[in-house]
Amino acid sequence: YGQKIAKSLFYNLKPNRWQWTDEADYAGNNTGLMHWGFLVYLSKLLEGTPEGAYMQFLYKNMAHSPDATSNENTFSSERLLWDRAGRPQTDYRTVQPLTYNSSVDEHLYTRTSWADDAVWSSFAANGIFYGGHALRNAGHISIQRGNDYLLINAGQWKGPGGYGGQPEVFDSRSWRANTLFYQNPWSADYKGAQGNWGSNNILAFEAGNGYAYKKADLTSPYTATINSGLLLFNRSFVSLMDGTFLIYDRVKAPNTTDTKKLLWHFNRNGQPQVSGNLTTSQVGNSKLFMKTLLPANPSIVVQQDPVSDTDPTFAVYRTEMSDSVDSTDL
């Protein structure tokens, strides 16, 4: 298990080398910041294995986050217990591919390179959600270029930069993810309509020179705990490994009037601009272009995410994409 955790960690690490996945169980005031003591512990636990050498390299080559109060500065006891001078280290970037398909949790990670300005992406093809504080994330996609977080997890946004401070969002409901928003007849606890205890149903995966492709049936998260009535939600994700992505969704509902939208959440520093079927968002030195090919006449509306249901303070932006023509299919 330790070896699997180690491999997953360096693929979850974003290009700037201090931000990590924000889909985890972050119940505190920081999001996406790793406790450095964990890396020291893994390098000790896995000493003598390739993954142990990877963890030692990662520990020695992590970048410092802008948050001086984060736990990277509070692991003296871990260093005393587990650190050792001269422990072997291997630069995983020289031997590991740019694509990783993580089984069971069914994330597909891609990056254009191991450089600090690479384009990194994550696709959550899992239908299973075990509970806790993590995001109900079936179908969720994140994109970051270098230090610029472009397509975000809106349920774990903290501060101006997303990793710490105010405004502070803590919301695990699926409407905060970049996925299908479907109506539900249940309480606001299930806004977006994903519940617990769905099942993984991977329909395809393939990766090769210049591409990575994964397709999943994500219907069960919308029907296992609460029967929302949704008949089908399939998502296909393709990375061309150069910063270009294709997402192809198929949604089927029993009624033409059922609310079904594709939500995309954007950095609060990159207000999305919509022109026809093209949405753009600029953050720092990076710009995300999102072109809607289907439906032919989409409705794309820019909204502001609040901090919570009871706090209307602006947190981040989102767009809601739907068909301008009522249909059972999207």
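One can find the structure itself at the top, above this paragraph.
Residues numbered from 1 in each chain as written. Predicted model: local features only at pLDDT ≥ 70, side-chain atom pairs only at ≥ 80, totals over all residues. Heavy atoms only, no water.

Chemist: Explain the packing of helix α1 (residues 2-12) against helix α3 (residues 50-61) here, please?
Modeler: In helix packing, the relevant descriptors are the interaxial angle and the interaxial distance, both defined with respect to the helix axes. Interhelical geometry of α1 versus α3 gives an angle of 40 degrees and a closest axis separation of 9 Å. As judged from the angle between their axes, α1 and α3 are oblique. α3 is crossed by α1, and the crossing has left-handed handedness. When α1 is examined against α3, the residues Q3, A6, L9 and F10 are found in contact with a partner set consisting of E51, Y54, M55 and L58. (Axes fitted to C-alpha atoms, helices over the stretch in contact; angles between N-to-C directions. Helix = DSSP H or I, 4+ residues; strand = E, 2+ residues; numbered from the N terminus. Parallel < 35°, antiparallel > 145°, perpendicular 65-115°, else oblique. Left-handed = near helix turned anticlockwise from the far one by under 90°. Contact = heavy atoms within 4.5 Å.)

Chemist: What is the right way to look at the nonpolar core in this model?
Modeler: The nonpolar side chains of soluble globular proteins are, as a tendency, buried together. One finds L151 and L180 to be the most contacted residues of the largest nonpolar core, which totals 31 residues. Top element by residues in this core is strand β11 (residues 260-266). It accounts for three residues. When near neighbours in sequence (up to four residues on either side) are disregarded, L180 contacts G192, Y222, L230, F233, V251, K260, K261 and L262. Membership of the second largest hydrophobic core comes to 25 residues, among which are Y11, M34, V40 and L42. (Core = buried A, V, L, I, M, F, W, Y, C linked by side-chain atoms within 4.5 Å. Buried < 20%, exposed > 50% of the residue type's maximum accessible area, 1.4 Å probe, protein only.)

Chemist: How do you make sense of the environment of F205 when you look at a structure like this?
Modeler: Residue position: F205 is located in strand β7 (residues 202-208). The partly exposed category is assigned to F205, whose relative accessible area is 37%. Considered as a pair, F205 and S236 are 31 residues apart in the sequence and their alpha carbons are 9.6 Å apart. Not counting residues up to four positions away in its chain, the partners in contact with F205 are N101, L108, Y213 and K214.

Chemist: I'm lost on the sheet that holds strand β12 (residues 273-275) in this one. Help?
Modeler: Neighbouring strands of a sheet are bound in pairs by backbone hydrogen bonds; such pairs are parallel or else antiparallel. Sheet architecture is open: three strands sit in the order β12-β13-β14, paired in antiparallel fashion. One side of each edge strand has no neighbouring strand; the edge strands of this open sheet are β12 and β14 (286-291). The sheet shows a mean angle of 20 degrees between the axes of neighbouring strands, taken without regard to direction. Bridging between β12 and strand β13 (residues 278-283) involves three bridges; their strand directions are antiparallel. Note that in β13 the partner of S275 across the bridge is L278. (Pairing = 2+ DSSP bridges.)

Chemist: Could you clarify how one ought to interpret the pattern of salt bridges in this entry?
Modeler: Pairs may arise between side chains of opposite charge once their charged atoms sit close together. The full count for this structure, using the stated rule, is 14 salt bridges. Notably, a salt bridge pairs D116 with R17, separated by 3.0 Å at the nearest N-O pair. Of the two residues, D116 sits in the loop between β2 (107-111) and β3 (119-124) while R17 sits in the loop between α1 and α2 (36-45), which places them 99 residues apart along the sequence. Its salt-bridge partner being K214, residue E106 comes within 2.7 Å of it at the nearest N-O pair. Taken together, the positions of E106 in the loop between β1 (99-102) and β2 and K214 in strand β8 (residues 211-217) put the pair 108 residues apart, joining distant regions of the chain. Here K214 falls in the buried class, since its relative accessible area comes to 0%. (Salt bridge = Lys/Arg side-chain N within 4 Å of Asp/Glu carboxyl O.)

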